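What follows is the residue order along each chain.
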Amino acid sequence: MKIILASASERRRELLNKMGWEFEVLPSGKEEKITKEEPWEAVMELAEQKASDIAGQIRGDALVIGADTIVVRNGRFMGKPKDKKEAEQMIRELSGAAHQVYTGVCLIRAGNGTPEKKTFYEKTDVLFYPMTEQEIRDYIATEEPFDKAGAYAIQGTCAKYIQGISGDYNNVVGLPVARLYQELKTWAFRN
């Protein structure tokens, strides 16, 4: 079965490549709209929007994978920062504190019949060491934060500020591949 990743994220591509699967990348251009208040519901909603958009465009049998990640601190959703000021604000808020990273995944088996869908999420707790104002400015100057939820990349230079995590590291990177594999094994690859 053809696998399609409905995401432009380079990190998600890298994670899927590590799984050893062949896949195509067809990023969804659909405007993302959050209508849910709970973070796990919001990420599943966004992932479903991406996967549904691409599933509606393809012909033939395919498995579409949509995913979306948000960072949550004290109930506040942190997506990708719009600018330097917002990135600094996010990192300042995460400094010396714990937060949660949620990734929603939507799988759609498209083909000749009625599409089948499965949606799930993964949550990882992340704890930052305290950062000085100079460390925050230096990190923002790397420009790494600007296309990342919560304004940081755990696999990048921000790694030196991560005190610990509880949960799936790959979830923080952008795709919980172990959970994805288990879901696919019992659902999409069952026939």
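Our structure is the block above this text.
What you see is a predicted model, and the numbers here were worked out from it, not measured in a lab.

Asks: Quick question: what am I supposed to make of the overall build of the chain here?
Replies: On a plain count of helices and strands, the chain comes out with six helices and seven strands. The N-to-C order of helical and strand elements in the chain reads β-α-β-α-β-β-α-β-β-α-β-α-α. Here the C-alpha atoms of the chain give a radius of gyration of 17 Å, agreeing with the 16 Å that 2.2 N^0.38 yields for 191 residues. Each of the three principal axes of the chain carries a C-alpha extent, and together these read 55 × 30 × 25 Å. Taken over 191 residues, the chain has a buried fraction of 48%. Long-range pairs, those at least 24 residues apart, make up 67% of the contacts in the chain with a sequence separation of at least 6. Per element, the accessible surface of the chain, about 9600 Å² overall, is 45% carbon and sulfur. Between the averaged position of the 27 positive side-chain charges in the chain and that of its 29 negative side-chain charges there is a distance of 2 Å.

Asks: How should the packing of aromatic side chains be read in this particular structure?
Replies: Geometry of an aromatic ring pair is reported as the spacing of the ring centres plus the angle between the planes. If you walk through the whole model with that rule in mind, you get four aromatic pairs. Seen from their ring centres, Trp 40 and Tyr 121 are 6.3 Å apart, and the 25 degrees between their planes marks the pair as stacked. Taken together, the residues Trp 40 in helix H2 (residues 39–55) and Tyr 121 in strand S6 (residues 116–128) connect sequence positions 81 residues apart. Ring plane angle 85 degrees and centroid distance 5.0 Å describe the contact between Phe 128 and Tyr 152, whose orientation is recorded as edge-to-face. Here Tyr 152 lies in the loop between helix H4 (133–141) and strand S7 (162–166) and Phe 128 lies in strand S6, a separation of 24 residues in the sequence.

Asks: Which parts of the structure should I look at to understand the pattern of salt bridges?
Replies: Opposite charge on two side chains makes pairing possible when the charged atoms of those side chains draw close. A full pass over the atoms with the stated rule returns 14 salt bridges. Lys 50 serves as the salt-bridge partner of Asp 68, at 2.8 Å between the closest nitrogen and oxygen. Placement of the pair is Asp 68 in strand S3 (residues 62–73) and Lys 50 in helix H2, with a sequence separation of 18 residues. Each member of the pair Asp 68 and Lys 50 is classed as buried. Across the pair Arg 92 and Glu 133 runs a salt bridge whose closest N-O atoms are separated by 2.9 Å. With Arg 92 in helix H3 (residues 84–94) and Glu 133 in helix H4, this residue pair connects regions lying 41 residues apart in the sequence. Residues participating in the shared-partner salt-bridge network are Lys 118, Glu 122, Arg 179 and Glu 183.

Asks: Explain the nonpolar core to me, please; I cannot follow it from the model alone.
Replies: When a protein is soluble and globular, its nonpolar side chains tend to lie buried together. Among the nonpolar cores identified, the biggest contains 40 residues, and Leu 107, Phe 128, Tyr 152 and Leu 180 are the most heavily contacted of them. With residues near it in sequence (within four places) discarded, Tyr 152 still touches Val 71, Ile 91, Leu 94, His 99, Val 101, Val 126, Phe 128, Tyr 139, Pro 145, Cys 158, Ile 162 and Val 172. If you look at the next biggest cluster of nonpolar residues, it comprises 12 residues, including Ile 4, Ile 58, Cys 106 and Ile 108.

Asks: How do you make sense of the packing of H3 against H4 when you look at a structure like this?
Replies: Geometrically, a packed helix pair is captured by the angle between its two axes and the distance between the axes. It is at 10 Å that the axes of H3 and H4 come closest, and there the two elements cross at 135 degrees. The angle between the axes of H3 and H4 places the two elements in the oblique class. Our pair here, H3 against H4, has a crossing hand that is right-handed. The residues of H4 that touch H3, namely those facing Lys 84, Ala 87, Glu 88, Ile 91 and Arg 92, are Glu 133, Ile 136, Arg 137, Tyr 139 and Ile 140.

Asks: In this structure, what is going on with the pairing of strand S5 (residues 98–110)? I would like to understand it.
Replies: Moving residue by residue along a regular strand, the side chains alternate between the two faces of the sheet. Summarising burial for S5: 11 of the 13 residues are buried, a large majority. As paired strands, S3 and S5 are joined by 11 bridges and run antiparallel to one another. In the strand pairing of S5, Val 64 is matched with Ile 108. By the bridge criterion, 12 bridges tie S5 to S6 in an arrangement that is antiparallel. Each bridged residue has a counterpart across the sheet, and for Gln 100 the counterpart in S6 is Asp 125.

Asks: For this particular structure, what's the right way to read unusual backbone geometry?
Replies: Negative phi characterises most residues that are not glycine, and trans characterises most peptide bonds. Phi angles above zero are rare outside glycine, and Glu 143 is one such case at about 65 degrees. With respect to the element layout, Glu 143 can be found in the loop between H4 and S7. In this structure, Ala 151 is a non-glycine residue whose phi angle is positive, near 70 degrees. Within the secondary structure, Ala 151 sits in the loop between H4 and S7.

So, how was this worked out
- Per chain, residue numbering runs from 1 following the sequence as it is written.
- pLDDT decides what is reported in this predicted model: residues at 70 or higher carry local features, side-chain atom pairs at 80 or more are listed and counted, and totals for whole chains, interfaces and linings draw on all residues regardless.
- By convention in this description, side-chain values take in all heavy atoms of the structure and omit both hydrogens and water.
- A run of H or I in DSSP counts as a helix once it spans at least four residues, and a run of E counts as a strand once it spans at least two, with each numbered from the N terminus.
- Restricting the calculation to C-alpha atoms gives the radius of gyration, and the globule rule supplies 2.2 Å times the number of residues raised to the power 0.38.
- Between buried and exposed lies partly exposed: a residue is buried under 20% and exposed over 50% of the maximum accessible area for its type, with that area taken using a 1.4 Å probe on protein chains only.
- Here, residues are in contact when the closest pair of their heavy atoms is within 4.5 Å.
- Accessible surface area values rest on a Shrake-Rupley calculation with a 1.4 Å probe, where residue burial reflects the displayed protein chains alone.
- We score Asp and Glu as negative and Lys and Arg as positive, and we do not count His or the chain ends.
- Lys charges are placed at NZ, Arg charges at CZ, Asp charges at CG and Glu charges at CD.
- Stacked, edge-to-face and tilted labels apply to pairs of Phe, Tyr and Trp rings (six-membered ring for Trp) whose centres lie within 6.5 Å, assigned for plane angles under 30 degrees, over 60, and everything in between, in that order.
- Salt bridges are defined by distance alone: a side-chain nitrogen of Lys or Arg within 4 Å of a carboxyl oxygen of Asp or Glu.
- Nine residue types can take part in a nonpolar core, namely buried Ala, Val, Leu, Ile, Met, Phe, Trp, Tyr and Cys, and a core is a set of them joined through side-chain atoms within 4.5 Å.
- Comment: axis = line fitted to C-alpha atoms, over the contacting stretch for helices; angle = value between 0 and 180 degrees taken between N-to-C directions.
- Orientation is classified from the angle alone, with under 35 degrees giving roughly parallel, over 145 giving roughly antiparallel, 65 to 115 giving roughly perpendicular, and any other angle giving oblique.
- For any helix crossing, the convention is left-handed if the near helix is rotated counterclockwise from the far helix by under a right angle, and right-handed if that rotation is clockwise.
- For two strands to count as paired, DSSP must find a minimum of two bridges between them.

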